[in-house]
Amino acid sequence: MSKHPSNDDSYRFLFKDADIRGETVTLEHVLTDLLAAHDYGAGVRRLLGEFAAATVVISNNLKFDGRVVLQGRSDGPVSLIMLECSSDGEVRGLARGELDVPEGPLSSHLPQGVLTLTVEPDIGQRYQGIIAVQRDELADVLSDYFEQSEQLATKFWLSTRNGASAALMLQQLPSQLVADDDERLDQWVTLCALADTLSADELIDSETDTLLYQLFNEWTVHRFEPKRITFGCNCSRERSLNAIRLLPNHEITDLFEEQKTVTMNCEMCGESYHFSCDDVHLSEEHTIH
Ligand SMILES: [Zn+2]
């Protein structure tokens with residue numbers, strides 16, 4: 001049985017007397033599954049843990065069915081890192097490049113890198129924002145980005161170590177309860193200073209209610225019901241088959257001349273799909289009729 005029953009659950013919370021909301025998550029099983037698909041070294045494992053926890057807290061506020069994708073690209077050791085979290089709480093992701101880099105700041109793994117944050121509703125227009133990696137830590141890059149793009153003060157605390165990662169996010173809301181600008185700023189600075197007292201281990205190890213009490217016991221906090229976060233991939237046999245069918249006919253013929261069965265591996269989850277020549281042609285007939 002898990003030592004921390006609240007792990008892999010994400011929590012939203014609100015302060016009763018301040019226009020500030022929060023999100024928190026600790027990932028354990030999700031991270032184990034995410035990291036199992038590839039042979040990642042310590043540096044990339046840490047990076048994936050932080051990206052995953054951050055993507056979960058960002059996606060937790062989605063008001064529609066869809067997904068949040070946080071992607072980093074660089075010409076440095078890590079050429080690509082991508083994490084997705086759906087509104088159903090399904091996380092998947094991967095990294096490419098030098099997968100055995102040692103632990104280090106984000107800026108050493110993705111020097112002069114660019115992060116892209118994409119919000120993809122199942123129905124409707126997707127929204128994409130771009131962030132240059134100009135700070136050492138992912139938490140600071142994201143805090144800067146949200147403050148600039150949403151015009152709302154936002155701060156992230158991220159922590160990761162072997163087998164687990166965690167995130168805490170605070171965000172100022174438009175004025176509703178508190179009209180006075182000085183008081184709003186004072187509340188924001190105070191709550192961020194309290195969250196700053198959290199150690200990296202406490203962020204991962206503390207049960208959510210304990211953590212909220214430890215930090216904000218002088219404030220009234222309303223915590224919402226948790227949302228279960230799971231590792232999940234939306235790849236399927238059908239999608240893989242469609243990908244093969246998109247190849248020019250002569251390439252499909254060549255593929256099956258070399259081998260009886262074509263295998264497609266999903267890079268995200270490690271799932272393998274096997275197809276015979278008949279599978280590909282049967283599928284074509286289906287689309288004609
Ligand atoms: Zn997959």
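Residues numbered from 1 in each chain as written. Predicted model: local features only at pLDDT ≥ 70, side-chain atom pairs only at ≥ 80, totals over all residues.

Draft legend 1. Structural view of the overall build of the chain. From N to C terminus, the chain includes ten helices and 14 strands. For the C-alpha atoms alone, the extent of the chain along its principal axes is close to 70 × 45 × 40 Å. Relative to its 289 residues, the chain shows a buried fraction of 33%. Summarising the internal contacts of the chain: among those between residues at least 6 apart in sequence, 64% fall at separations of at least 24. (Helix = DSSP H or I, 4+ residues; strand = E, 2+ residues; numbered from the N terminus. Buried ≥ 20, exposed ≤ 12 C-beta atoms within 10 Å, placed from the backbone. Contact = placed C-beta atoms within 7 Å.)

Draft legend 2. Molecular detail of the environment of E183. Following the sequence through the fold, E183 ends up in helix α5 (residues 181–196). It is 40 Å that separates the C-alpha atoms of E183 and N162, two residues lying 21 residues apart in sequence.

Draft legend 3. Region of the structure containing the domain arrangement of the chain. Along its sequence, the chain is organised into domain 1 (9–231) and domain 2 (237–288). Each partner contributes residues to the interface: domain 1 has four residues there, and domain 2 has four residues. Looking at side-chain class alone, the side of domain 1 that touches domain 2 contains two nonpolar, one polar and one charged residues. (Domains from an automatic or database assignment. Nonpolar A, V, L, I, M, F, W, Y, C, P; charged D, E, K, R; others polar.)

Draft legend 4. Looking closely at unusual backbone geometry. Here the phi dihedral of D8 falls at roughly 70°; this positive angle occurs in a residue that is not glycine. With a phi angle near 50°, Q112 is a residue other than glycine that sits in the positive phi range.

Draft legend 5. Representation of the nonpolar core in the model. Ranked by size, the top nonpolar core spans 54 residues in total, and within it A52, A53, A54, V56 and A167 carry the most contacts. With ten residues, the top contributor of residues to this core is helix α2 (residues 42–59). Setting aside its immediate chain neighbours within four residues, A52 contacts L27, V30, L31, L34, L83, V91, G93 and S165. (Core = buried A, V, L, I, M, F, W, Y, C linked by C-beta atoms within 7 Å.)

Draft legend 6. Representation of helix α4 (residues 138–149) within the structure. Between its terminal C-alpha atoms α4 stretches 16 Å, which fits the 16 Å expected from twelve residues at 1.5 Å a residue. Along α4, the positions that sit buried rather than exposed are L138, A139, V141, L142, S143 and F146. Buried residues along α4 sit in contact with α2, α3 (106–109), β6 (114–121), β7 (127–132) and β8 (154–161). Count one or two residues on from α4 and you reach Q151, which has phi positive near 60°. (Expected span 1.5 Å × (residues − 1).)

Draft legend 7. Broad picture of the packing of helix α1 (residues 29–36) against α2. α2 packs onto α1 with a crossing angle of 130° between their chain directions and a minimal axis gap of 11 Å. Taken together, the axis directions place α1 and α2 in an arrangement best described as oblique. Helix-helix and strand crossings are classified by hand; for α1 and α2 the assignment is right-handed. Contacts between α1 and α2 involve V30, L31, L34 and L35 on the former and, on the latter, R45, L48, G49 and A52. (Axes fitted to C-alpha atoms, helices over the stretch in contact; angles between N-to-C directions. Parallel < 35°, antiparallel > 145°, perpendicular 65-115°, else oblique. Left-handed = near helix turned anticlockwise from the far one by under 90°.)

Draft legend 8. Structural detail: the sheet that holds β6. The six strands lie next to each other as β7-β6-β3-β4-β5-β12, forming an open sheet whose pairing is mixed. With partners counted over all chains shown, the strands left at the sheet margins are β7 and β12 (230–231), one partner each. The pairing of strand β5 (residues 90–97) with β12 spans two bridges and is classified as parallel. Within the sheet, the bridge partner assigned to V91 lies in β12 and is F231. Sitting on the sheet, α2 is in contact with β3 (66–73), β4 (78–86) and β5, with an inclination near 35° to β4. (Pairing = 2+ DSSP bridges.)

Draft legend 9. Structural context of the pairing of β7. Direction of pairing for β6 relative to β7: antiparallel, over a ladder of six bridges. The residue bridging V119 from the neighbouring strand is Y127, located in β7. The hairpin formed by β6 and β7 contains five residues between the paired strands, and G124 there has a positive phi angle of roughly 110°.

Draft legend 10. Summary view of the pairing of β4. Here β4 lies mainly inside the structure; seven of its nine residues are buried. The hairpin formed by β4 and β5 contains three residues between the paired strands, and G89 there has a positive phi angle of roughly 85°.

Draft legend 11. The arrangement of the environment of K16 in detail. In this structure, K16 sits in the loop between β1 (9–15) and β2 (20–27). Judged by the 9 C-beta atoms lying within 10 Å of it, K16 falls in the exposed class. Separated by 258 residues in the primary sequence, K16 and H274 have C-alpha atoms spaced 54 Å apart.

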